[in-house]
Amino acid sequence: MSDTVSATIVEKWQAARDIHAFTLAVERPDAIGAAAPGAHIDVHLPSGAVRQYSLTGLSRDDPGRVTIAVLREEGGRGGSIEMCDTLSVGDRVPISPARNTFALDHGRPDYRLLAGGIGLTPILHMAFALHDAGRSFQLDICTRSPADVAFKTVIDATLFADRIRYHHSAEAGNQRLDLPAYLAAIPPDTQLYACGPARMMDEIDRCTRDWGAERLRTERFSNEVADLSDEDSGVFTIELARSGRSFEIPEDKSILDVLNAEGISKDSSCLEGVCGTCITEVVSGDIIHRDACLYDEEKEANSAIACCVSRGRPGTTVVLDL
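It should be emphasised that the depicted structure is a prediction, and the values quoted were computed from it without experimental measurement. (Residues numbered from 1 in each chain as written. Predicted model: local features only at pLDDT ≥ 70, side-chain atom pairs only at ≥ 80, totals over all residues. Heavy atoms only, no water.)

Per-residue pLDDT for the protein has a mean of 92; in total, 98% of the residues score no lower than 70. Within the protein, helix α7 (residues 296-301) has the poorest average pLDDT of any element, 85, and strand β7 (residues 110-116) the best, 98. (pLDDT = per-residue confidence, 0-100. Helix = DSSP H or I, 4+ residues; strand = E, 2+ residues; numbered from the N terminus.)

So this is what it looks like as structure tokens:
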């Protein structure tokens, strides 16, 4: 955990049903880096688990503090329960510098922000930033009910409350957002940022296949890594451009596994191709991309790889900028 900084929980409160908010006072704020819209931090829990949480923007005016929100998931991997049930004000936790694979493009004429459930956390940060910059935007929030909207009291009191549309699927009359119609109505020069549960994000993917990063930016909190086909399964080689060393990657190991075994330091966190921590620049190679953090344009260019889940084509060599 050499690349972490100590932080103290100074506030903890119920932000919505099953969602807890935490404000952390950072021991060395300069070590966190730019806490820009779309950024997230790793929280290293007492159990040894590491979880990623987006910055909400609620502490954006105080460089010494960050605020995150955690959805308590009974059927999850246990990290959210540990956060919500065992951590209290006064506890200290190591956190990582802020990382951003969902950065806000400040040069667009108009924006649509779409949040589903806990996906509101990075989207809210963007709304604050766009309002502070005087930019045109609309924020749509999708949850089961008003009780599931994180920070609803805070949001309704903002100066941009008139730009917010709520869509509650469990309310009388079924106020669920008609996602295909919503997407079809977005003008070509308007950029959409979306974050939410897998089913919502899958539907967005289906409806926006020809949009590209100029119109659409998305972030997922989970990634169902598909099994490799027989054609894609097999041994390949990585070469490290700076040292010239090369290693075979067997079928049952990831690039990250082999690098760690060889004593080559490479930061990692989620091990699911979501957080972007292990993304590495590629000099050359034919890659099977299996992550959910690189944009389609980056995958098509084969300019970067998520070392925890993505692979080279069997029998080929991938040259990494390491």
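From this point on, the discussion continues.
Further remarks concern the sheet that holds strand β18 (residues 317-320). With respect to topology, five strands assemble into an open sheet ordered β13-β12-β18-β14-β16, the strand pairing being mixed. Lying at the two open borders of the sheet, with one neighbouring strand each, are β13 (246-249) and β16 (304-306). Pairs of neighbouring strands in the sheet enclose a mean axial angle of 40 degrees, with direction left out of account. Inspection of the sheet shows strand β12 (residues 236-240) paired to β13 by four bridges, in the antiparallel sense. Within β13, the residue paired with T237 across the bridge is E248. (Pairing = 2+ DSSP bridges. Axes fitted to C-alpha atoms, helices over the stretch in contact; angles between N-to-C directions.)

The periodicity of an α-helix, 3.6 residues per turn, causes residues three or four places apart in sequence to face the same way. Regarding helix α5 (residues 198-207), the residues found buried are M200, M201 and I204. Seen along its axis, α5 keeps its buried residues to an arc of 95 degrees; they face one direction. Facing away from the buried side of α5 by more than 90 degrees, the exposed set consists of R199 and R206. In the core, the buried residues of α5 are packed alongside β7, α4 (179-184), β10 (190-195) and β11 (216-219). (Buried < 20%, exposed > 50% of the residue type's maximum accessible area, 1.4 Å probe, protein only. Arc of directions from axis to C-beta. Contact = heavy atoms within 4.5 Å.)

Now for the environment of T153. In this structure, T153 sits in helix α3 (residues 152-156). We classify T153 as exposed; its relative accessible area is 70%. For the pair formed by T153 and R242, sequence separation is 89 residues and the distance between their alpha carbons is 52 Å.

Here we take up the packing of aromatic side chains. Tallied over the full model, the rule gives five aromatic pairs. Consider the rings of Y111 and Y193, whose centres lie 6.3 Å apart with planes at 35 degrees: the pair is tilted. With a gap of 82 residues between them, Y111 in strand β7 and Y193 in strand β10 connect regions that are remote in the sequence. Pairwise contacts between aromatic rings join F102, Y111 and Y193 into one cluster. Against the face of F128 rests R60, its NZ or CZ located 4.1 Å from the ring centre. (Phe/Tyr/Trp six-rings, centres within 6.5 Å; stacked < 30°, edge-to-face > 60°. Lys NZ or Arg CZ within 6 Å of the ring centre and 35° of its normal.)

Evaluated as defined, the whole model comprises 17 salt bridges. Note that R112 and D110 form a salt bridge whose closest N and O atoms lie 2.8 Å from each other. Neither residue differs from the other here; R112 and D110 are each classed as buried. D232 is the salt-bridge partner of R313, the closest N and O atoms lying 2.7 Å from each other. Of this pair, R313 sits in the loop between β17 (311-312) and β18 while D232 sits in the loop between β11 and β12, and the two are 81 residues apart along the sequence. The exposure class of R313 is partly exposed, given its relative accessible area of 29%. With a relative accessible area of 15%, D232 lands in the buried category. Here the salt bridges share partners, and the residues they tie into one network are R72, E74 and D85. (Salt bridge = Lys/Arg side-chain N within 4 Å of Asp/Glu carboxyl O.)

The buried count for β10 comes to six of six residues, which makes it a mostly enclosed element. Judged by which residues are buried, β10 turns out to be covered on both faces: T190, L192 and A194 on one side and Q191, Y193 and C195 on the other are all buried. Of the pairings in the sheet, the one linking β7 to β10 comprises six bridges and is parallel in character. Across the sheet, residue L113 finds its bridge partner in β10, namely Y193. Between the parallel elements β10 and β11, the chain passes through α5 in a crossover that is right-handed. (Right-handed = clockwise from strand over helix to strand, strands pointing away.)

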